[in-house]
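# Structural features, examined
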Amino acid sequence: QVQLVESGGGLVQPGGSLRLSCAASGSIRSIYSMAWYRQAPGKQREWVATVTSGSSTTYADSVKGRFTISRDNAKNTVALQMNSLKPEDTAVYYCRVTGTNWLVYWGQGTQVTVSS
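Predicted, not measured: the structure shown is a model, and the values here were computed from it. (Residues numbered from 1 in each chain as written. Predicted model: local features only at pLDDT ≥ 70, side-chain atom pairs only at ≥ 80, totals over all residues. Heavy atoms only, no water.)

On to the environment of Ser-62, then. Assignment of secondary structure puts Ser-62 in the loop between strand 6 (57-59) and strand 7 (67-72). Since its relative accessible area comes to 40%, Ser-62 is described here as partly exposed. In this structure, the C-alpha to C-alpha distance between Ser-62 and Asn-76, residues 14 residues apart in sequence, is 26 Å. (Helix = DSSP H or I, 4+ residues; strand = E, 2+ residues; numbered from the N terminus. Buried < 20%, exposed > 50% of the residue type's maximum accessible area, 1.4 Å probe, protein only.)

What follows covers the sheet that holds strand 7. Spatially, 1-3-8-7 is the arrangement adopted by the four strands of the open sheet, whose pairing is antiparallel. Of all strands in the sheet, those with a lone pairing partner are strand 1 (2-7) and strand 7, marking the two edges. Averaged over all pairs of adjacent strands, the angle between strand axes in this sheet comes to 15 degrees, irrespective of strand direction. Sheet topology places strand 3 (residues 18-26) next to strand 8 (residues 77-82); six bridges connect them, and they run antiparallel. When the sheet's bridge partners are listed, Arg-19 is paired in strand 8 with Gln-81. (Pairing = 2+ DSSP bridges. Axes fitted to C-alpha atoms, helices over the stretch in contact; angles between N-to-C directions.)

Under the definition given, this model contains two aromatic pairs. The interplanar angle of 50 degrees and the centroid separation of 5.2 Å between the aromatic rings of Tyr-32 and Trp-102 together place this pair among those described as tilted. Of this pair, Tyr-32 sits in strand 4 (residues 31-39) while Trp-102 sits in the loop between strand 9 (91-99) and strand 10 (104-106), and the two are 70 residues apart along the sequence. Classification of Tyr-32 as partly exposed rests on a relative accessible area of 36%. (Phe/Tyr/Trp six-rings, centres within 6.5 Å; stacked < 30°, edge-to-face > 60°.)

Here it is in structure tokens:
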């Protein structure tokens, strides 16, 4: 039984910053990668960023240069530092964990709203 808990969402003005975090706990034994996805109202869920167990990172084109993903392997946590936020970044952000056995786990999501 695996639990993912996201935190750090909220309301921020355009150009502002926000930091999201996700902690994995429970029966998970080994994590291959951790990622962030987001889903805006009326839109499909889209991939944002991924970090592997070796700390390699990849980003969607829409957030490159603005967002930074990082992880703490010992604590099974992942963070997403979001800078220069835009209204189009408004969405529910979800943490996704992939185990080395390729099982996938999702968090409940945290709301990020970028508005003046």
